[in-house]
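Working through the structure, step by step
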Amino acid sequence: MKKFEAVVFDMDGVIFDSERATMNCWLELAEKYGIENMEEPYLACTGTTDQRTREIMLEAYGDDFPYDVYAKEASKMYHEKYDGGRLPMKNGVHAILDFLKYEGKKIALASSTKRETVENQLRDAGILDYFDELVTGDMVSKSKPDPEIFLLACEKIGVKPEDAYAIEDSYNGIRSANAGGLRPIMVPDLLPSNEEMEELSETVLESLIDVVGYLRN
């Protein structure tokens, strides 16, 4: 078994299949309003803050693009479809959480999403109690790729960064974990791994089930 004390998870795209769910809402919106090539700018927003997402969309579609109006509508659509425990979970979530609990490892979350949403989604999915600490976007001043969120998570669970694995799907998430001195494992979601990610990650694996196998050996 690998030597480590904790695992810090990202949430969107790692625990929940929420990146895809959100993208589908935006694509539905794009079709409704005749917005072309929505997928490309949406993918560029993966793992960034709301503010950066807004900037990317305005860069793609011009300053007069009514981003706030569309974001509100996409959010409403998302909540109508997925609230109340209907948000699909990624394969292997229960397997890895049960494995870590059984082995007595600390479990933390480092998500750019705001705390209220994080708590609601984890509670609705029945997995909130697995986590020793939640660090969310409204608790830090700098967002990923800055390492602040991962360093705060390690501090809260009392573990040195080098003794913690970070599981991420986004490029900025892997950059953040690596910069903080954690041991990043990339489990790609919407965006495939690339040369930079291979270099910054300890390993790149296909699913959380594979991560369990990796940590066991």
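Structure shown above.
The structure contained in this document is the topic of the report that follows. Since the structure is predicted, the reported quantities are computational estimates derived from the model, not experimental observations. (Residues numbered from 1 in each chain as written. Predicted model: local features only at pLDDT ≥ 70, side-chain atom pairs only at ≥ 80, totals over all residues. Heavy atoms only, no water.)

Any two aromatic rings considered together are summarised by their centre-to-centre distance and by the angle between their planes. Counted under the stated rule, the structure contains eight aromatic pairs. Here the aromatic rings of Trp26 and Tyr67 are separated by 5.8 Å at their centres, their planes lie at 10 degrees, and the arrangement is stacked. Of the two residues, Trp26 is situated in helix α1 (residues 18-33) and Tyr67 in helix α4 (residues 67-82); the sequence distance between them amounts to 41 residues. Judged on exposure class, the residue Trp26 and its partner Tyr67 are both buried. Taken together, a centroid distance of 5.3 Å and an interplanar angle of 55 degrees make the contact between Tyr78 and Tyr82 tilted. Taken together, the residues span about one helical turn, with Tyr78 and Tyr82 both in helix α4 at a distance of four residues. Here Tyr82 falls in the buried class, since its relative accessible area comes to 17%. Following the ring pairs from residue to residue traces out a cluster consisting of Tyr33, Tyr61, Phe65 and Tyr70. Note that Lys2 overlies the ring of Tyr214, its terminal NZ or CZ placed 4.2 Å from the centroid. (Phe/Tyr/Trp six-rings, centres within 6.5 Å; stacked < 30°, edge-to-face > 60°. Helix = DSSP H or I, 4+ residues; strand = E, 2+ residues; numbered from the N terminus. Buried < 20%, exposed > 50% of the residue type's maximum accessible area, 1.4 Å probe, protein only. Lys NZ or Arg CZ within 6 Å of the ring centre and 35° of its normal.)

For the rest of this paragraph, the subject is the nonpolar core. By size, the foremost hydrophobic cluster in this structure holds 53 residues, and its most contacted members are Phe9, Ile15, Leu122, Phe131, Ile167 and Leu215. Leaving out residues up to four positions away in the same chain, Leu215 has contacts with Met1, Lys2, Phe4, Val7, Phe99, Leu100, Tyr165 and Ile185. The next biggest cluster of nonpolar side chains, apart from the first, holds 17 residues, and it includes Ala6, Ala108, Val159 and Ala177. (Core = buried A, V, L, I, M, F, W, Y, C linked by side-chain atoms within 4.5 Å. Contact = heavy atoms within 4.5 Å.)

Attention now goes to the state of the cysteines. This model, assessed by the stated rule, comprises zero disulfides. The thiol of Cys25 is not disulfide-bonded; the next cysteine sulfur, from Cys45, is found 14 Å away. Judged by relative accessible area, which is 1%, Cys25 ranks as buried. By relative accessible area, Cys45 is classed as buried at 7%. (Disulfide = S-S within 2.5 Å.)

Summarising the element assignment, Met23 is placed in helix α1. Judged by relative accessible area, which is 7%, Met23 ranks as buried. Each C-alpha atom of the pair Met23 and Thr49 lies 15 Å from the other, and the pair is 26 residues apart in sequence. Among residues more than four places away in sequence, those in contact with Met23 are Glu39, Tyr42, Leu43 and Leu190.

Turning our eyes to something else, we now look at the layout of surface pockets. Its volume calculated, the largest pocket comes out at about 1300 Å³. Residue lining of the largest pocket: 49 residues in total, with Asp12, Thr22, Asp50, Thr113 and Thr117 positioned closest to the centre. Within the residue set of the lining of the largest pocket, elements represented by two or more residues are α1, α3 (50-61), α4 and α6 (115-124). It is α4 that provides the largest number of residues to the lining of the largest pocket, a total of eight residues. (1 Å grid on protein atoms, 1.4 Å probe; cavity = no way out; pocket = protein on both sides within 12 Å on 5 of 7 lines; lining within 4 Å. Points joined across faces, edges and corners; volume = space filled by probe spheres on them.)

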